[in-house]
Amino acid sequence: MLRMISTLSRLRLWYAHSRDHVRNSRVDIHTDNRTLKAALDNFGCKNSSVNDSVKEILECSRQLNLAIDVHYVPSRDNMADAPSRACSDLDCMLSEQAWNSVECRFGPHSFDLMALDSNCRRDRSGLMLPHYSPWPTPASEEVNAFAQPIPLEHNIYAFPPFVLLGPLLRYFLDQGFHGALTLVVPDLRPRRFWGAVLQSVAVDRLLLGRKRDDAVLLFASRSTYIPRPWKPARLCGSCLYPNDADAHFCQACGVPTVPLVPAVPCGRGPVDEKVIQERFQEFKFSFERRPYQRQKSALEQQLSTFLASVSLPKTISSCTVDDVIKFLIYKDSSGRTVVHVPKCSREACACPRRLAAGTVDSLLGKLRSILNNLGRIDHTNPIAHSRIKEYLNFVRVEQAGDRESDLGRPLASQWTSFWWEKFWEPPRSKILLDIRSADHEIDKLV
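Quick caveat: nothing in here was measured; it's all calculated off a predicted structure. (Residues numbered from 1 in each chain as written. Predicted model: local features only at pLDDT ≥ 70, side-chain atom pairs only at ≥ 80, totals over all residues. Heavy atoms only, no water.)

Asker: Tell me about the sheet that holds strand β9 (residues 217-220), and please be specific about residues and values.
Answerer: With respect to topology, 3 strands assemble into an open sheet ordered β3-β9-β10, the strand pairing being antiparallel. Each end of this open sheet is capped by a strand with a single partner; those strands are β3 (93-94) and β10 (225-226). Examined bridge by bridge, β3 and β9 share 2 bridges and lie antiparallel to one another. Bridged to Leu94 within β9 is Leu217. (Pairing = 2+ DSSP bridges. Helix = DSSP H or I, 4+ residues; strand = E, 2+ residues; numbered from the N terminus.)

This is how it looks when you write it as structure tokens:
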């Protein structure tokens, strides 16, 4: 009966939100609930709550000139039956302990931006906060937070699905939002593209829990929200997000995955882990001893120190293309290539020293490898940005122009063309004499 009342409430809300689109139309309702079909066909039943919902639906149908036709569909043929009964991890919520920590640190909150009636947060007096929901619900203010104005007069709390963090941040930035917003996000490694944006605009942060903490999140069950027991995790092959071992798709990027099947012992006896570890350490020591690897490690340490010393500290995992270019400019202090200014007299020169263009190109290759090892591949790697290539061309052109004018050498536009004939012209008589002598020698041979 409760499920039927919920279905009727959603139908009533759908009528209310679609008045301008369904006027003067026929509405076909397909349901696997015989009681619901009987209530709509007979204009009510013995339950007073159901009768109230049916009366509102019939009144709305009369006002909009709608013809309602109810069809019964068996549950085995209903494609929406299984998804409607399943509980999704996307509907999880913070536990009371975690919510109280957030409320004490950043509250009191007065609006829940993305929630359902079942997981909407409540204020300190126990009342449900106003909220936007993904579909019409009895207690929601509006549907779809992206289609609604930002409630600027409220202290906003948002716990969105993690796959919507990027669009949600873009939604706030495009509207120039400068109010109070408390956002619950995961600490993913490697960092996502929205991590740098959050770090640049965040005022304060609070760590609610770590992995395997069962007192932070509550997951939906058939009757209530419960802590979920810990499950072994494995990394997504596309975005490296740690999903449950039995997950069918990645919770961060949505890529389908195959559940991990436990390995079956092959019967070859115990594994000698000591020998394997010794061999692995030998390989690791040999790898780290290579000159190129040592240069990469030193460069990675320098970049980490530089990013931690700027006014807005960052990490290598969250650095942007502008941070990389600023680091290369910072490295110019150790360069040896003198770049003369246009008015330099070359006497007692105090022109700046820069890194050579070839050195900059080599550093970019090492930085690309360092960021690839951290999981920032393809378009997420700042070195792949077109601005890096523009900076390298800028350095090359600057130093190439300086070499042309170095030591007073005339520029290409100042060169004068000379013909070689002006300086040397072979004597014609000597050429004729040599030809006749060669003919005479040939006659002797014949």
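Asker: Pulling in residues and values, what's your account of the sheet that holds strand β8 (residues 181-183)?
Answerer: Strand order in the open sheet made by the 3 strands is β4-β7-β8, with parallel pairing throughout. In this open sheet, the two strands that pair with only one neighbour each are β4 (111-112) and β8. In terms of strand pairing, strand β7 (residues 156-158) meets β8 through 3 bridges, oriented parallel. Paired with Ile156 across the bridge in β8 is Leu181.

Asker: Explain the nonpolar core to me, using residue names and the numbers behind them.
Answerer: By size, the foremost hydrophobic cluster in this structure holds 24 residues, and its most contacted members are Leu328, Val360, Leu364, Leu367, Ile383 and Ile388. Of all the secondary-structure elements, those providing two or more residues to this core are α9 (291-309), α10 (321-331), α11 (357-373) and α12 (386-404). Ranked by residue count, the leading element in this core is α11, at 7 residues. Those residues within four positions of Leu328 in sequence are excluded, and the remaining contacts are Leu355, Val360, Leu363, Leu364, Leu367 and Tyr391. Membership of the second largest hydrophobic core comes to 22 residues, among which are Leu165, Leu168, Leu169 and Leu198. (Core = buried A, V, L, I, M, F, W, Y, C linked by side-chain atoms within 4.5 Å. Buried < 20%, exposed > 50% of the residue type's maximum accessible area, 1.4 Å probe, protein only. Contact = heavy atoms within 4.5 Å.)

Asker: Got a sec to walk through the packing of aromatic side chains? Specific residues and values, please.
Answerer: A complete count under the given rule lists 11 aromatic pairs for this structure. Aromatic ring contacts, followed pair by pair, group Phe146, Tyr171, Phe172 and Phe177 into a single cluster. (Phe/Tyr/Trp six-rings, centres within 6.5 Å; stacked < 30°, edge-to-face > 60°.)

Asker: Give a description of the packing of α10 against α11 that names residues and reports values.
Answerer: In contact at an axis separation of 12 Å, α10 and α11 are set at 135° when each is read in the N-to-C sense. Taken together, the axes of α10 and α11 are oblique relative to one another. Once α10 is placed against α11, the crossing between them reads as right-handed. Residues Val324, Phe327, Leu328 and Lys331 of α10 lie in contact with α11, whose contacting residues are Val360, Leu363, Leu364 and Leu367. A class-by-class count of the residues in the contact of α10 with α11 yields 7 nonpolar, no polar and 1 charged. (Axes fitted to C-alpha atoms, helices over the stretch in contact; angles between N-to-C directions. Parallel < 35°, antiparallel > 145°, perpendicular 65-115°, else oblique. Left-handed = near helix turned anticlockwise from the far one by under 90°. Nonpolar A, V, L, I, M, F, W, Y, C, P; charged D, E, K, R; others polar.)

Asker: Break down a nonpolar patch on the surface for me, citing the residues and quoting the values.
Answerer: A contiguous nonpolar patch, built from Phe280, Phe283 and Phe287 and spanning about 300 Å² of accessible area, is present on the exposed surface. Within the secondary structure layout, Phe283 lies in helix α8 (residues 273-288). (Patch = residues over 30% accessible without salt bridge, like charges linked within 9 Å, V, L, I, M, F, W, Y side chains within 5 Å. Areas by Shrake-Rupley, 256 points an atom, 1.4 Å probe, with all protein chains shown as cover. Salt bridge = Lys/Arg side-chain N within 4 Å of Asp/Glu carboxyl O.)

Asker: Would you mind going over the pairing of strand β1 (residues 26-31) in detail, with residue names and values included?
Answerer: Side chains of β1 alternate between two faces, with Val27, Ile29 and Thr31 buried and Arg26, Asp28 and His30 left unburied. Inspection of the sheet shows β1 paired to strand β2 (residues 67-72) by 6 bridges, in the parallel sense. From the neighbouring strand, Arg26 faces β2, where its bridge partner is Ala67.

Asker: Describe the side chain of Gln399, and please don't skip the residues or the numbers.
Answerer: Summarising the element assignment, Gln399 is placed in helix α12. In this structure the side chain of Gln399 is engaged in a polar contact, spanning 3.2 Å, whose partner is the backbone nitrogen of Ala357. The contacts of Gln399, once residues within four sequence positions are left out, are Thr337, Val339, Arg354, Leu355, Ala356 and Ala357. (Polar contact = N/O pair within 3.5 Å; in protein donor to acceptor, adjacent residues only side chain to side chain.)

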